[in-house]
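# Chain and residue survey
Here are the chains, one letter per residue:
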Amino acid sequence: ATLPLLFILNPPDPLPSLGVLSAVAFLAGFLACITGPNIRAMLLNVNTPETRGTSFALYNLMDDLGKGMGPALIACVIGALGRQKGFTWVVG
């Protein structure tokens, strides 16, 4: 999902049509949603039943920390580098 998002953040000089940007945004959203269910399925399959609860707790803790602290850290990067450079640096 990185390449479609970088295309949206840094479009070519003659701006593409709204249909092209919408298709790229749909593709980026589709690709970004694939990882969550796959990680949970992999954690379920590779851990023994005794350690499954610990691995899911650790995964959920890190996921929630990223959801909570990520926007604050990204805001600091955007404040330091500017909007376009900050988003490009964070995504890329």
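What follows covers the overall build of the protein chain. Scanning the protein chain from terminus to terminus reveals five helices and zero strands. Sequence-ordered secondary structure for the protein chain, helices as α and strands as β, is α-α-α-α-α. Seen through its C-alpha atoms, the protein chain measures out along the principal axes to roughly 55 × 30 × 15 Å. Taking the contacts inside the protein chain whose residues are at least 6 apart along the sequence as the reference set, 36% of them involve residues at least 24 apart. Here the protein chain has roughly 6,700 Å² of accessible surface; of this, 72% comes from carbon and sulfur atoms. Distance between charge centroids for the protein chain: 4 Å, based on 5 positive and 4 negative side chains.

Attention shifts here to the environment of asparagine 47. With respect to the helices and strands, asparagine 47 occurs in the loop between helix 3 (35–46) and helix 4 (52–81). If we ignore the near neighbours within four places in the chain, the residues touching asparagine 47 are Arg52 and Ser55. Here the side chain of asparagine 47 touches leucine 43 through a polar contact of 3.0 Å, landing on its backbone oxygen.

Among the structural elements, phenylalanine 56 can be located in helix 4. Not counting the four nearest positions on each side in its chain, phenylalanine 56 is found in contact with Arg40, Leu43 and Leu44.

Rules used throughout
- Residues numbered from 1 in each chain as written.
- Predicted model: local features only at pLDDT ≥ 70, side-chain atom pairs only at ≥ 80, totals over all residues.
- Heavy atoms only, no water.
- Helix = DSSP H or I, 4+ residues; strand = E, 2+ residues; numbered from the N terminus.
- Contact = heavy atoms within 4.5 Å.
- Areas by Shrake-Rupley, 256 points an atom, 1.4 Å probe, with all protein chains shown as cover.
- Lys, Arg positive; Asp, Glu negative; His and termini not counted.
- Charge placed at Lys NZ, Arg CZ, Asp CG, Glu CD.
- Polar contact = N/O pair within 3.5 Å; in protein donor to acceptor, adjacent residues only side chain to side chain.

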